[in-house]
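Below are the chains, spelled out letter by letter.
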Amino acid sequence: MLDIKFIRENKELVKEAAKLKGVNFDVDKLLSLDEKRLELLQEIEELRRQRNETAEKMKSKELSSTEREKLIEKGKSLKEKINELEEKYRPINEEYENLILISPNIPSDDTPRGKTAEDNVVVETWGEPVKFDFPVKSHIELGKSLDLVDTETGANVSGYRGYYLKNEAAILQLGLMLYALQKLIDKGFTPMIVPTLVKEFALIGSGHFPLGKEEIYQIGNPGKLADGSIVESLFLVGTAEPSLLAYNANKIYDEKDLPIKLCGFSPCYRSEIGSYGKDTQGLYRLREFMKVEQVIICRADVEESDQWLEIMRGIAQEILRDLELPHRVVAVCTGEMGLGKRKMYDIETWMPSRQAYGETHSDSNLTDWQTRRLNIKYRNLRGEIKYAYALNNTALASPRILIPLLEYHQQVDGSIKIPQVLHKYVGFDVIRPH
């Protein structure tokens, strides 16, 4: 979310950001609520001051019974007035807090202006899509012929978009995750296996709530504590990002300790409720998958944070080069980039059966939009406390990456050549028909 002071001072800029991002955000209503809540807070604080003053006077042993009686009546009256004002304050503050959560971050000047993916701008391309001299099989056809993927049984057992990975594909997925983790460890990232069940604050903090809540699975039976009370609501994460960010919640770092560089492995769960009818075949759009995610927490400096954005993008591209996969980088336009993002890249990898590039990575700079929600701060060299900036990027997500990996490296005899970088993680260099 944005700083309310920033919104007050830059009302028109925030309105323009909401328009560019296609979000229904009523700036005037927020500022009106803010004014009302501050007025009520001031009144409440003044009445509390008077109540404390009255309580202090009550301690005097020199009071007459009449004076004491008057002070008791005054204390009761002040308490009633405070309760009345707090009742007025509560719904106004709740509405204010719900509204400010959807305040849009200001997109960078070099972010393409547009409404749909058609307005994204390609900024870099690596590798040439191979021209096969034999009929190309899709990853589903390869999965069946090599006994690697079973989506039919997966759908019977798991429902819509269910799947099984078998034999070398199962090993390959785990090998990819280990390879990605090691790549990031070598780059100075701290590896973590993170919780996939999280409390609501983690998803509010990352910005997945309140908008986007329909994509998140909620646990129906979180259980009970020993005293019989219901455990706080729990949700399944769609990426390690909320868990990695929440690890830093309510912490104050010293500037010398920044940046914090984390990489998290997790199973991921997404309802894909808004994508029915899209990419229904194969492994492109799934409800559960595995992923290694990068998160960086750095100083509150736009230039520095954009540099980290480029560094993370570079790591993702290095991974794709290691896997020998042609890809391109697109600067995501304002209408596609999401509420909290200042600047964003998608990396799209060539998928032969689609004869098109498909998104495999997403790299975002959210400045202090998330850290304000999670209260992640640092103390600078002058001793000032500031909100840090946060960024995130996909290192590798599978099974989606298996689409280009299997298809692009297929051979004329129906086998699949495995890139050299994965050999030590999977123990084989080729997948052959069984």
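Computed from a predicted structure; not experimentally measured.

Where do I start with the pattern of salt bridges in this structure?
When charged atoms on two side chains of opposite charge get close, those side chains can pair. This structure, assessed with the given rule, holds 32 salt bridges. Ionic pairing is found between Asp 34 and Arg 8, a salt bridge with its closest N-O pair at 2.8 Å. Of this pair, Asp 34 sits in helix α3 (residues 27-58) while Arg 8 sits in helix α1 (residues 4-9), and the two are 26 residues apart along the sequence. Judged by its relative accessible area of 2%, Asp 34 is buried.

Would you mind showing me how to read the environment of His 208 here?
Along the chain, His 208 turns up in the loop between α8 (200-206) and β6 (217-218). Note: C-alpha distance between His 208 and Pro 242 (34 residues apart in sequence) is 8.2 Å. Those residues in contact with His 208, other than ones at most four positions away along the chain, are Leu 203, Lys 213, Thr 239, Glu 241 and Pro 242. Reaching out from His 208, the side chain makes a polar contact with the side chain of Ser 206 at a distance of 2.6 Å.

When you look at α3 in this model, what are you seeing that I'm missing?
Note that an α-helix has 3.6 residues per turn; residues three or four places apart therefore point the same way. A rise of 1.5 Å per residue sets the reference length of α3, with its 32 residues, at 46 Å; its end C-alpha atoms lie 46 Å apart and thus fit the reference within 8%. Those residues of α3 not exposed but buried are Val 27, Leu 30, Leu 31, Leu 33, Asp 34, Arg 37, Leu 40, Ile 44, Leu 47 and Thr 54. Buried residues along α3 sit against α1, α2 (11-21) and α4 (65-100). Between a side-chain oxygen at the N-terminus of α3 and the backbone nitrogen of Asp 28 the separation is 3.3 Å; the capping residue is Asp 26.

Just checking my understanding: could you explain the side chain of Ser 108 for this structure?
Position of Ser 108 relative to the elements: it lies in the loop between α4 and β1 (121-126). Here Ser 108 falls in the buried class, since its relative accessible area comes to 1%. Residues contacting Ser 108, with those up to four places away along its chain left out, are Arg 113, Arg 342 and Lys 343.

Looking at this model, I keep getting lost on the environment of Trp 126. Mind explaining?
Along the chain, Trp 126 falls in strand β1. The class for Trp 126 is partly exposed, based on a relative accessible area of 31%. Put simply, Trp 126 and Arg 328 are 202 residues apart on the chain and 6.0 Å apart in space, counted from C-alpha to C-alpha.

For this particular structure, what's the right way to read unusual backbone geometry?
The linkage connecting Phe 209 with the following residue, Pro 210, adopts the cis geometry, with an omega of 5°. Its location among the elements puts Pro 210 in the loop between α8 and β6. Ser 398 connects to Pro 399 through a cis peptide bond whose omega is 25°. Among the structural elements, Pro 399 can be located in the loop between β16 (389-398) and α12 (402-408).

Calculation rules
- Residues numbered from 1 in each chain as written.
- Predicted model: local features only at pLDDT ≥ 70, side-chain atom pairs only at ≥ 80, totals over all residues.
- Heavy atoms only, no water.
- Salt bridge = Lys/Arg side-chain N within 4 Å of Asp/Glu carboxyl O.
- Helix = DSSP H or I, 4+ residues; strand = E, 2+ residues; numbered from the N terminus.
- Buried < 20%, exposed > 50% of the residue type's maximum accessible area, 1.4 Å probe, protein only.
- Contact = heavy atoms within 4.5 Å.
- Polar contact = N/O pair within 3.5 Å; in protein donor to acceptor, adjacent residues only side chain to side chain.
- Expected span 1.5 Å × (residues − 1).

This is a description of form; function is not addressed.
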